[in-house]
Amino acid sequence: MPKALDDWFIREILVHEAPLMHYLLRSAPRSEEASDLRQEVYARVYEAAGKALPQQPKAFLFATARHLLADRARRGKVVSIEPVGDFEPLHVLIDDVSPERWCGGRQVLMRLAGAFDRLPDRCREVVWLRRVEHLSQREVAQRLGISEKTVEKHIAKGMRLIAGYFYGGEEVPQPAARGRQAVDADGQQQAD
């Protein structure tokens, strides 16, 4: 078979050398690599043809070239993870948390906790199970003995109230005011 394979290779593959080189010169990152790439393409095509002759040799040749270029590009993007030794000479900036940033983070956390604590009991319980304990909507409904639709409504209400307090400055109803009707700025009563 090697003689038949050699004849096939000369007849079906080598006749496309000029267009292949044109393609490689145009597509390779560095033109001086084109000859080496051509040889590697030929080696891959010859090896594959030794197992089974391709039905469309020219298409197979150019597909092999395209895949080789893609493989090279992928390998070129790989970053070495070798240890670099002593980090001190690198003068790497370390993002230390400044006292202002630490204090600001504590204040945000306290505001969030305050908004959370002011939620109505059932709403707070649903938000906690869903957002903190990461239970599914179905699991929350089963645990609390309520429908999934009710869970959905409590989550929406809880998030709206927390966001209103946290971002909009709106007050979340105090725990003592739960169950009562609030009075708006016009003196009209509104339900919770």
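Residues numbered from 1 in each chain as written. Predicted model: local features only at pLDDT ≥ 70, side-chain atom pairs only at ≥ 80, totals over all residues. Heavy atoms only, no water.

Undergrad: Could you give an account of the packing of aromatic side chains, with specific residues and numbers?
TA: Aromatic ring pairs are reported here in terms of the distance separating the ring centres and the angle at which the planes meet. Within this structure, the stated rule accounts for 4 aromatic pairs. Each ring, one from Phe9 and one from Tyr46, has its centre 5.5 Å from the other, and the planes form 75°; the classification is edge-to-face. Placement of the pair is Phe9 in helix α1 (residues 2-12) and Tyr46 in helix α3 (residues 34-51), with a sequence separation of 37 residues. Phe9 gets classed as buried once you look at its relative accessible area, which sits at 10%. Each ring, one from Tyr23 and one from Phe62, has its centre 5.9 Å from the other, and the planes form 80°; the classification is edge-to-face. (Phe/Tyr/Trp six-rings, centres within 6.5 Å; stacked < 30°, edge-to-face > 60°. Helix = DSSP H or I, 4+ residues; strand = E, 2+ residues; numbered from the N terminus. Buried < 20%, exposed > 50% of the residue type's maximum accessible area, 1.4 Å probe, protein only.)

Undergrad: Break down the environment of Gly114 for me, with residues and values.
TA: By the secondary structure assignment, Gly114 is in helix α5 (residues 99-117). Along the backbone, Gly114 and Phe166 are 52 residues apart, and their C-alpha atoms lie at a distance of 9.2 Å.

Undergrad: Outline the packing of helix α7 (residues 137-144) against helix α8 (residues 148-168), listing residues and values.
TA: The N-to-C vectors of α7 and α8 enclose an angle of 105°; their axes lie 8 Å apart at closest approach. Classified by the angle between their axes, α7 and α8 sit roughly perpendicular to one another. The segment α7 lies against α8, with Gln137, Arg138, Val140 and Ala141 engaging Glu148, Val151 and Glu152. Here the residues of the contact of α7 with α8 are counted per class, giving 3 nonpolar, 1 polar and 3 charged. (Axes fitted to C-alpha atoms, helices over the stretch in contact; angles between N-to-C directions. Parallel < 35°, antiparallel > 145°, perpendicular 65-115°, else oblique. Contact = heavy atoms within 4.5 Å. Nonpolar A, V, L, I, M, F, W, Y, C, P; charged D, E, K, R; others polar.)

Just distances and angles here, no functional claims.
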